[in-house]
Amino acid sequence: MENVKVIIWGFGAMGSGMAKMLLKKKGVDIVGVIDMGAKLGKSIYDLLPAERGDRPDVIIGTAEEVIKEKCADVVLLCTDSFTRNAFDRIKFILEKKINCVSTAEEMAYPMAQEPELAAKLDEIAKANGVSVIGTGINPGLIMDLLVVIMTGCCEDIEHITSRRVNSLSPFGPTVMEEQGIGITTEEFAEGVRTGKLAGHVGFHESINMIADAIGWKVDKIEQSMEPIVTDVDRKSPYGFAKAGDVAGCAMKGFGYVDGEVKIEMDHPQQIEPEMVGVNTGDYVIIKGTPNINMVNSPEVPGGIGTIAMCVNMIPHIINARPGLHTMITLPVPRAIMGDMRDQISEEAKIVK
């Protein structure tokens, strides 16, 4: 089998990180990269701390220049947070008969808030014999799939709390803007009121993924959003907050089942939390039979976690039956320490 062929769409913090990871792996080639503006026409090796060696050069181009029918096995799409915004790009990829892994948070479980678009993507993927999934560290793993896995040892469940206390520092400008990093508390309140600030995107997706996986029917979902104000200047690679301004966003989500809160999401996140003595961590707390109290501290880093999740799902989405998938319809993710081609099923090698 030829090497697995990958295109990366979006060469910011996540996309370039995926490129660096892929260049260390066996049995996989980056055959195209898409971006805009000043990056167009440049070699990826001019932008990465990696030697080209004897690899063919990869010049950053537009989607129309890079994506041709069946020119790759998968596109890693690293551009949007919302299904509606990512839809046209995903449609374009699928209609070129190429599988897609998206970092868009809502794409982790798009049927939660965009059921019509989810159905359309499923239809388009099936019509073209390819597959699509959205994933990342959260949603995708920590606050949903990990919770689902931990319910596997329970006879009965009364209540679930998923808590992630994390650093936003590894993420790029889009996330900084969505979280309100560097703005005043007044601007934050106005952004919440108008919906300009997204904060964490994914509570609806994570809550519905967990509920559907274990057989609960969600009546409604509520969420709250408060600013984390810093008393010291904080600077991350893509964000800055001066003392007195917003350095993060504390969000909570509540999933109701039969009128009662059954699933809680608790997610304070900020840039440079260690500067103010905040310990990060991931927690799964299940009240049931038996009770579960899983703690991982410090947190799984969001940047490398998202990068690895998307890269490690490449074989699974290539092997998958055509259509729209989620993290509960495919095998659990795992690191790829050998040749990526060994992870591709014989059927996929023939069909796709």
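Residues numbered from 1 in each chain as written. Predicted model: local features only at pLDDT ≥ 70, side-chain atom pairs only at ≥ 80, totals over all residues. Heavy atoms only, no water.

Chemist: Honestly, the overall build of the protein in this entry has me stumped. Any pointers?
Modeler: A count of helical and extended segments in the protein gives 11 helices and 15 strands. Relative to the compact-globule value of 20 Å for 352 residues, the protein shows a C-alpha radius of gyration of 20 Å, a close match. Overall, the protein is about 50 × 50 × 35 Å in size when its C-alpha atoms are taken along their principal axes. Long-range pairs, those at least 24 residues apart, make up 73% of the contacts in the protein with a sequence separation of at least 6. With the model as given, the accessible surface of the protein reaches about 15,400 Å², and the carbon-plus-sulfur share is 50%. (Helix = DSSP H or I, 4+ residues; strand = E, 2+ residues; numbered from the N terminus. Rg over C-alpha atoms; globule rule 2.2 N^0.38 Å. Contact = heavy atoms within 4.5 Å. Areas by Shrake-Rupley, 256 points an atom, 1.4 Å probe, with all protein chains shown as cover.)

Chemist: Could you clarify how one ought to interpret the side chain of H267 in this entry?
Modeler: By the element assignment, H267 lies in strand 12 (residues 260-270). On the basis of relative accessible area, H267 is assigned to the buried category, the value being 1%. Within the structure, H267 has its side chain in polar contact with the side chain of N138 (distance 3.3 Å). Excluding residues that lie within four positions of it along the chain, H267 makes contacts with N138, M143, R164, N166, H200, F203, C249, A250 and M251. (Buried < 20%, exposed > 50% of the residue type's maximum accessible area, 1.4 Å probe, protein only. Polar contact = N/O pair within 3.5 Å; in protein donor to acceptor, adjacent residues only side chain to side chain.)

Chemist: I keep staring at the pairing of strand 13 (residues 281-289) and nothing clicks. Help me out?
Modeler: Two faces make up the sheet, and in a regular strand the side chains alternate between them. Across nine bridges, strand 7 (residues 156-167) lies against strand 13 in antiparallel orientation. Bridging from a neighbouring strand, V165 pairs with G281 of strand 13. Note: strand 13 against strand 14 (residues 292-296), five bridges, orientation antiparallel. Note that in strand 14 the partner of Y283 across the bridge is V295. (Pairing = 2+ DSSP bridges.)

Chemist: What should I look at first to understand the sheet that holds strand 8 (residues 218-229) in this one?
Modeler: Across a sheet, paired strands are connected by hydrogen bonds in the backbone, their directions being either parallel or antiparallel. The strand order across the open sheet built from six strands is 8-11-12-7-13-14, with neighbouring strands paired in mixed fashion. Each of the sheet's edge strands pairs with one partner strand only, and the pair in question is strand 8 and strand 14. Across this sheet, the average inter-strand angle for adjacent strands is 10°, counted without regard to direction. Relative to strand 11 (residues 246-257), strand 8 runs antiparallel, the two sharing 11 bridges. (Axes fitted to C-alpha atoms, helices over the stretch in contact; angles between N-to-C directions.)

Chemist: In this structure, what is going on with the nonpolar core? I would like to understand it.
Modeler: With 80 residues, the main nonpolar core has I8, L22 and I314 as its most contacted residues. Of the residues forming this core, the biggest block, six residues, is contributed by helix 1 (residues 13-22). One finds I34, I67, I90 and I93 within the second-largest nonpolar core, a separate group that totals 26 residues. (Core = buried A, V, L, I, M, F, W, Y, C linked by side-chain atoms within 4.5 Å.)

Chemist: Is there a simple way to think about a nonpolar patch on the surface in this case?
Modeler: Together, V232, M275 and V276 make up a nonpolar patch on the protein surface, roughly 200 Å² of accessible area in all. As for its placement among the helices and strands, V232 is situated in the loop between strand 8 and strand 9 (234-236). Classification of V232 as partly exposed rests on a relative accessible area of 30%. (Patch = residues over 30% accessible without salt bridge, like charges linked within 9 Å, V, L, I, M, F, W, Y side chains within 5 Å. Salt bridge = Lys/Arg side-chain N within 4 Å of Asp/Glu carboxyl O.)

Chemist: What's the story with the side chain of Q179 in this structure? I'm lost.
Modeler: Looking at the element boundaries, Q179 is found in helix 6 (residues 173-179). Look at Q179 and you get buried, because its relative accessible area is 3%. Of note is the side chain of Q179, whose polar atom sits 3.1 Å from the backbone oxygen of G199. Sequence-distant contacts of Q179, that is, excluding residues within four places in its chain, are made with L168, F188, L197, G199, H200, V246, G248, C249 and Q269.

Chemist: What is the right way to read the pattern of salt bridges from this model?
Modeler: For side chains of opposite charge, pairing can occur when their charged atoms come near one another. Inspection of the entire model under this criterion finds 16 salt bridges. With a shortest N-O distance of 3.7 Å, K287 and E158 are connected by a salt bridge. Within this pair, whereas K287 is found in strand 13, its partner E158 is found in strand 7, the two being separated by 129 residues in sequence. Assessed through its relative accessible area of 48%, K287 is described here as partly exposed. Relative accessible area serves as the criterion here: at 40%, E158 is assigned to the partly exposed category. Measuring nitrogen to oxygen at the nearest pair gives 3.3 Å for the salt bridge that ties E222 to K220. In this structure E222 comes out as partly exposed when scored by relative accessible area, which is 34%. We classify K220 as partly exposed; its relative accessible area is 42%. Each member of the salt-bridge network shares a partner with another, and the members are R163, K252 and D266.

Chemist: I'm lost on helix 1 in this one. Help?
Modeler: One turn of the α-helix equals 3.6 residues, which is why residues spaced by three or four share an orientation. Counting buried positions along helix 1 yields nine of 10 residues, so the element is predominantly enclosed. When we look at burial in helix 1, the residues that qualify are A13, M14, G15, S16, G17, M18, A19, M21 and L22. Those residues of helix 1 that are buried are in contact with strand 1 (4-9), strand 2 (28-34), strand 4 (74-77), helix 9 (302-312) and helix 10 (314-319).

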